[in-house]
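Fold and geometry: a report
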Amino acid sequence: IRSEPIPTTQGDVVTVVGKTFDEIVFDETKDVLVEFYAPWCGHCKNLAPIWDELGTLFKPISDVVIAKIDATSNTLPLGVNANGFPTILWFPKNNKKPATYQQGRTLEDLKRFILTSATRKNINLEKETQEWKQTQQPDSVEKVEL
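Residues numbered from 1 in each chain as written. Predicted model: local features only at pLDDT ≥ 70, side-chain atom pairs only at ≥ 80, totals over all residues. Heavy atoms only, no water.

With that settled, consider the packing of aromatic side chains. Inspection of every chain in the model, using the stated rule, returns 7 aromatic pairs. Judged by centre distance (5.4 Å) and plane angle (85 degrees), the rings of tryptophan 90 and phenylalanine 113 are edge-to-face. Placement of the pair is tryptophan 90 in strand 4 (residues 87-91) and phenylalanine 113 in helix 3 (residues 107-117), with a sequence separation of 23 residues. Phenylalanine 113 carries the same exposure label as tryptophan 90, and that label is buried. Aromatic rings pair up to connect Phe21, Phe26, Phe36 and Phe91 into one cluster. (Phe/Tyr/Trp six-rings, centres within 6.5 Å; stacked < 30°, edge-to-face > 60°. Helix = DSSP H or I, 4+ residues; strand = E, 2+ residues; numbered from the N terminus. Buried < 20%, exposed > 50% of the residue type's maximum accessible area, 1.4 Å probe, protein only.)

Within the largest apolar cluster, 18 residues are counted, with the highest numbers of intra-cluster contacts made by Leu33, Trp51, Leu54, Phe58, Ile66, Leu110 and Ile114. Where this core is concerned, the elements lending two or more residues are helix 2 (42-58), strand 3 (64-70), strand 4 and helix 3. Looking at this core, the element that brings in the most residues is helix 2, giving 4 residues. Here leucine 110 is in contact with Leu33, Leu47, Ile50, Trp51, Leu54, Ile88, Tyr101, Gly104 and Arg105, once residues within four sequence places are set aside. Within the second largest apolar cluster, 16 residues are counted, among which are Phe36, Val65, Val80 and Leu89. (Core = buried A, V, L, I, M, F, W, Y, C linked by side-chain atoms within 4.5 Å. Contact = heavy atoms within 4.5 Å.)

Here it is in structure tokens:
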């Protein structure tokens with residue numbers, strides 16, 4: 001299996017490598033939208049800032065993962081094909097047979113696709129983001145004794 005090193009930290013978009021593909025993408029508890037990219041691909045470079053924004057938007061939603069994998073440096077599992085770049089595949093929770101995303105590549109298009117395709121039909125982005133923000137602690141919290 002060809003694999004880049006496993007990332008030690010993850011951003012809002014989860015970086016998948018050959019060795020972590022099954023663990024992340026085939027996780028039965030999460031819907032996963034994966035961009036298969038090539039570092040030299042112009043369309044992939046254009047999509048990158050939108051993909052990052054999408055990752056940030058859905059980070060608070062615990063059962064939806066926005067991921068990416070360099071398809072030129074990592075072995076893909078049998079049955080997962082990325083013949084052109086970028087290839088965007090949707091792996092739903094309860095059925096890990098990938099569906100090819102073939103709609104627009106704007107943030108709104110991608111967001112709409114996720115909200116209508118998600119296994120959990122009642123995702124409330126605004127409410128869940130607010131609740132998630134309340135559970136996040138600022139990085140540098142100093143306790144001051146009075």
